[in-house]
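Architecture and fold: a report
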Amino acid sequence: TRSVSITSTEQSMFEKAQGEKVTLPCTFVLSEEDDGPLDIEWVLIPTDNQKKEQIIIMYTADRIYNNFYASVTGRMQFTNPDPKSGDGSLDILNLKSTDTGTYQCKVKKAPGVQSQKIQLIVLVKPARTKCSIEGPQEIGKDVILKCTSQEGSPLLSYDWRRVSGTQNLPATSIPNRNTGELLLKNASQDYSGTYHCVASNRVGTDECSVQLNVTPRKNTAGIIVGAIIGTLLGLSILAFLIFCCCKKHREKKYEKEVHHDIREDVPPPKSRSSTARSYIGSNRSSLGSMSPSNMEGYTKTPYSQVPSEDFERPPGQNPAFAPSKVAAPNLSRMGAVPVMIPAQSKDGSIV
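What you see is a predicted model; the values in this text were computed from it and never measured.

1. Here we look at the overall build of the protein
A count of helical and extended segments in the protein gives 3 helices and 18 strands. Looking at the protein as a whole, 30% of its 351 residues qualify as buried. Long-range contacts, defined here as pairs at least 24 residues apart, represent 57% of the contacts in the protein between residues at least 6 apart. A total of about 22800 Å² of accessible surface is found on the protein, and carbon and sulfur atoms cover 53% of it.

2. Notes on the pairing of strand S11 (residues 112-123)
Here strand S2 (residues 13-17) pairs with S11 via 5 bridges, running parallel. Looking across to S11, one finds that Lys16 is bridged to Val122. Summarising the sheet, strand S10 (residues 101-109) and S11 pair through 9 bridges and their orientation is antiparallel. Looking at S11, one finds that Cys105 is bridged to Gln116.

3. A few points about the nonpolar core
Ranked by internal contacts, the top residues of the largest apolar core, which has 26 residues, are Leu24, Trp42, Ile92 and Tyr103. Those elements that place two or more of their residues in this core are strand S3 (22-24), strand S5 (38-45), strand S6 (54-60), strand S8 (76-78), strand S9 (90-92), S10 and S11. In terms of residues, this core owes the most to one element, S5, which gives 4 residues. Residues Leu156, Tyr158, Tyr191 and Tyr195 belong to the second largest nonpolar core, which totals 18 residues.

4. Quick word on the state of the cysteines
Applying the stated criterion to the full structure yields 3 disulfides. The side chain of Cys131 participates in a disulfide bridge whose partner is Cys208; the two sulfur atoms lie 1.8 Å from each other. Across the S-S bond of Cys131 and Cys208 the torsion is about 70°, and the bridge reads as right-handed. Separated by 77 residues along the polypeptide, Cys131 in strand S12 (residues 127-134) and Cys208 in strand S18 (residues 204-212) bring together distant segments of the chain. Here Cys147 pairs with Cys197 through a disulfide, and the sulfurs are 2.1 Å apart. Judged by the sign of its S-S torsion, about -90°, the cystine formed by Cys147 and Cys197 is left-handed. Note that Cys147 is positioned in strand S13 (residues 143-151) and Cys197 in strand S17 (residues 193-201), a separation of 50 residues in sequence. We classify Cys147 as buried; its relative accessible area is 1%. Judged by relative accessible area, which is 0%, Cys197 ranks as buried. Described in terms of the sequence order of its bonded cysteines, the disulfide pattern of the protein is 1-2, 3-6, 4-5.

5. Details of the environment of Gly36
On the secondary structure map, Gly36 appears in the loop between strand S4 (28-29) and S5. Separated by 72 residues in the primary sequence, Gly36 and Lys108 place their C-alpha atoms 8.5 Å from one another. The residues touching Gly36, leaving out its near neighbours within four places in the chain, are Lys109 and Ala110.

6. Things to note about the sheet that holds S5
Strand order across the open sheet formed by 6 strands is S2-S11-S10-S5-S6-S7, with mixed pairing between neighbours. Of all strands in the sheet, those with a lone pairing partner are S2 and strand S7 (63-65), marking the two edges. With strand direction ignored, the average angle separating the axes of adjacent strands in the sheet is 20°. Pairing between S6 and S7: 3 bridges, direction antiparallel. Each bridged residue has a counterpart across the sheet, and for Thr60 the counterpart in S7 is Arg63.

7. Quick look at the sheet that holds S18
Two pairing modes exist for strands in a sheet, parallel and antiparallel, and in both the strands are linked by backbone hydrogen bonds. Ordered in space as S14-S17-S18, the 3 strands form an open sheet in which the pairing is antiparallel. Each end of this open sheet is capped by a strand with a single partner; those strands are strand S14 (157-162) and S18. Going from strand to strand, the sheet's axes swing by 20° on average, the running direction of each strand aside. Strand direction decides the pairing type here: S17 and S18, joined by 9 bridges, are antiparallel. Looking at the pairing, Asn201 lines up with Gly204 of S18.

8. Observations concerning the confidence of the model for the protein
Within the protein, residue pLDDT values average 79, and 71% of them lie at 70 or more. The model gives residues 272-313 a pLDDT under 50, and that stretch makes 51 contacts with residues more than four places away or in other chains. Every residue in residues 316-329 is under pLDDT 50, and counting partners more than four places away or in other chains gives 20 contacts.

9. Observations regarding the pattern of salt bridges
Pairing of side chains with opposite charge becomes possible as their charged atoms draw close. Summed over all chains, the structure comprises 7 salt bridges. Its salt-bridge partner being Lys146, residue Glu181 comes within 4.0 Å of it at the nearest N-O pair. Placement of the pair is Glu181 in strand S16 (residues 181-184) and Lys146 in strand S13, with a sequence separation of 35 residues. Glu181 sits in the partly exposed class, given a relative accessible area of 31%. A single salt-bridge network, built from bridges that share partners, covers Glu134, Lys146 and Glu181.

10. Description of the environment of Val113
By the secondary structure assignment, Val113 is in strand S11. For Val113, a relative accessible area of 53% corresponds to the exposed category. A sequence separation of 110 residues divides Val113 from Ser3, and the C-alpha atoms of the two residues are 7.6 Å apart.

Reading the values: rules and limits
- Residues numbered from 1 in each chain as written.
- Predicted model: local features only at pLDDT ≥ 70, side-chain atom pairs only at ≥ 80, totals over all residues.
- Heavy atoms only, no water.
- Helix = DSSP H or I, 4+ residues; strand = E, 2+ residues; numbered from the N terminus.
- Buried < 20%, exposed > 50% of the residue type's maximum accessible area, 1.4 Å probe, protein only.
- Contact = heavy atoms within 4.5 Å.
- Areas by Shrake-Rupley, 256 points an atom, 1.4 Å probe, with all protein chains shown as cover.
- Pairing = 2+ DSSP bridges.
- Core = buried A, V, L, I, M, F, W, Y, C linked by side-chain atoms within 4.5 Å.
- Disulfide = S-S within 2.5 Å.
- Axes fitted to C-alpha atoms, helices over the stretch in contact; angles between N-to-C directions.
- pLDDT = per-residue confidence, 0-100.
- Salt bridge = Lys/Arg side-chain N within 4 Å of Asp/Glu carboxyl O.

Here is the structure:
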């Protein structure tokens, strides 16, 4: 019994780069015995068997339905606007890496049913490739040139070439196409120059360059000695500053202690001369108010005797106290100036 048959079976796998366009073929031939309605479906079969198939576009009852998933809306369409003409091929625009999978085309026209599976692999071109140098760029050292692409589907391969000088890689170089490393053993100044790396996969390439400058070895011994001397000098300066701070702190502390002892342990000296002068002044005022006859008693007191500052006055005694025999203080010890006290002679005159 004749039925519908799919004729586009020559290619079952496609590899395309991200951002490109692909057409998955699905042409068919109808049979006169198939008199039912025509249905065409494109289904995405997930790689995970636990997930269900997803209908991404279909044609049925002379109408196209392609709004099942927002992620594919506007990017997947029938190649022929009228699929019933025998062409149910699918166009996928602006490919993404998530479009990778197995697609199945189903053509139904009762009682005939046919299907075909096509595998699509969306590859990402190498991108953001960077070149770098690892290790010291010194004569006699091993230098490693690295080339790495931040984006790109496997399998990526890396090729190095020299674009300056002899344009040939050094004889001691060891390239690794899988990792992108170029080992330069026992480097010399002749190895200096510009090196170019090309990263590639099945859908594209990307490039980067690096400049290598091999220089004589540095005097590491001198650097180490200089570092040690600098460290010791810095420690010496630090120790000197700490010593000066401590010394200054001790001096300030000693000055405060000495000043505190003077104020608390040594009371200020009393002025004896002022006491003697006040006493003498009071006697002068008393003598001035007395008559010559009343001064006879004062003549009996020796001129050199003056009441000391320790003399205690009896309670209620008049400040103009009567002369008494009191030992005169040592005026020289008190720092006072001797004063002559007037007295009356026998003939009544004041001496």
